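# Examining the three-dimensional arrangement
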Amino acid sequence: MTHSVTGTSGKTGTGRRLVLWAGFWSVLVALGLALGLWQWERAEDKRALLARHAAAPHLAAPVATPPDGARLTLRGEYLAEETLFLDNRTHRGRLGVAVLTPLRGADGRLWLVERGFLATGPTRERPTVTTPGGPVTLQGRWQADGARPPVFGPNREGRRLQRIELDAWAGLGGFAHAGWLHLEGGPGHLASWWEPNVLPPARHLGYAVQWWGLSLTALVVMILGGRRLWRDRGPSSRQEVAP
């Protein structure tokens, strides 16, 4: 009489591989879905930001804090000797700085004006820039002070700043509002380099579609590979043992 013994160890090993396979690809599917959703939400945020900027008011030296993106008109005099430079900016493939000059308004209040890009190249010598004297009238876009990238090491090196921090001009007695004007027109205007958003909403939607496409691909691979592993659990793992 011949007895048939099932190769349970083979089945157990195949089952374990099936679980690991499904778990690995499930994580990739979930990751792709989550990253696609994140990019979709970022596109919505960018659309809302652009809508706020399009509807932002035109204000002249406002007393109340202006909304982010408002277009302002300021009158006053530059404090040329207080000019600092925002380091490591790029514009049209050139390396340089953004020029930051405080403006003393006609009513005595202080405003920080980001005047635009100044090409310097890789040199670390102190940048030089000409600043108009006397009364000036400026127009530009307001950016409220907010979340900023971290700085590793001192923020200030000589006349250069790694990021804009209003307390770099603490000796002047404080600014009218927490933020700065990106100059778009008027005396002292240099090359405009700043934009309110780096990537348009359509770019984020494209990234979302890419992530969801990768998630779908991972799902297909998981199913096809899982079916093959499942078939490996069949009778091929049996063996005959005679007493």
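Definitions and limits used
Residues numbered from 1 in each chain as written. Predicted model: local features only at pLDDT ≥ 70, side-chain atom pairs only at ≥ 80, totals over all residues. Heavy atoms only, no water. Salt bridge = Lys/Arg side-chain N within 4 Å of Asp/Glu carboxyl O. Helix = DSSP H or I, 4+ residues; strand = E, 2+ residues; numbered from the N terminus. Expected span 1.5 Å × (residues − 1). Buried < 20%, exposed > 50% of the residue type's maximum accessible area, 1.4 Å probe, protein only. Core = buried A, V, L, I, M, F, W, Y, C linked by side-chain atoms within 4.5 Å. Contact = heavy atoms within 4.5 Å. Pairing = 2+ DSSP bridges.

In this section: the pattern of salt bridges. Going through the model one piece at a time under the given rule, you end up with seven salt bridges. Among the ionic pairs, R163 bridges to E165, the shortest N-O distance being 2.8 Å. Shared partners join several salt bridges into a network, and the residues in it are D87, R124, E157 and R160.

Okay, helix α2 (residues 201-231) next. Between its first and last C-alpha atoms α2 spans 46 Å; for 31 residues at 1.5 Å apiece the expected length is 45 Å, and the two agree. Every buried residue of α2 is accounted for by P201, H204, A208, S215, A218, M222, G225, G226 and L229.

Once that is clear, we can look at the nonpolar core. Taken as a class, soluble globular proteins show a tendency for nonpolar side chains to be buried jointly. Counting residues in hydrophobic clusters, the biggest one holds 16 residues, and the most contacted among them are L86, L100, L112, I164, W169 and F175. When contributions to this core are tallied by element, the ones reaching two or more residues are β4 (84-91), β5 (94-105) and β6 (110-119). Ranked by the residues each element gives to this core, the list is headed by β6, at three residues. In this view, L86 contacts G96, V97, A98, L100, L161, Q162, R163, I164 and W193; residues no more than four positions away in its chain are not counted.

Right, let's get into the environment of L100. In this structure, L100 sits in strand β5. Taking the relative accessible area as the measure of exposure, L100 reaches 0% and is therefore buried. When sequence neighbours within four positions are dropped, the list of residues in contact with L100 reads E82, T83, L84, L86, L112, V113, E114, L161, I164 and W169.

On to the pairing of β5. Burial analysis of β5 places nine of its 12 residues in the buried class, which makes it a mostly covered element. Two elements, strand β3 (residues 71-78) and β5, share three bridges in a ladder whose sense is antiparallel. Bridging from a neighbouring strand, Y78 pairs with L103 of β5. Here β4 folds back onto β5, and the loop between the two strands holds two residues, one of which, R92, carries a positive phi near 55°. Pairing analysis gives nine bridges linking β5 to β6, with the strands arranged antiparallel. Residue pairing in the sheet places G96 in a bridge with A119 of β6. Here β5 folds back onto β6 in antiparallel fashion, the turn holding four residues, of which G108 has a positive phi close to 95°.

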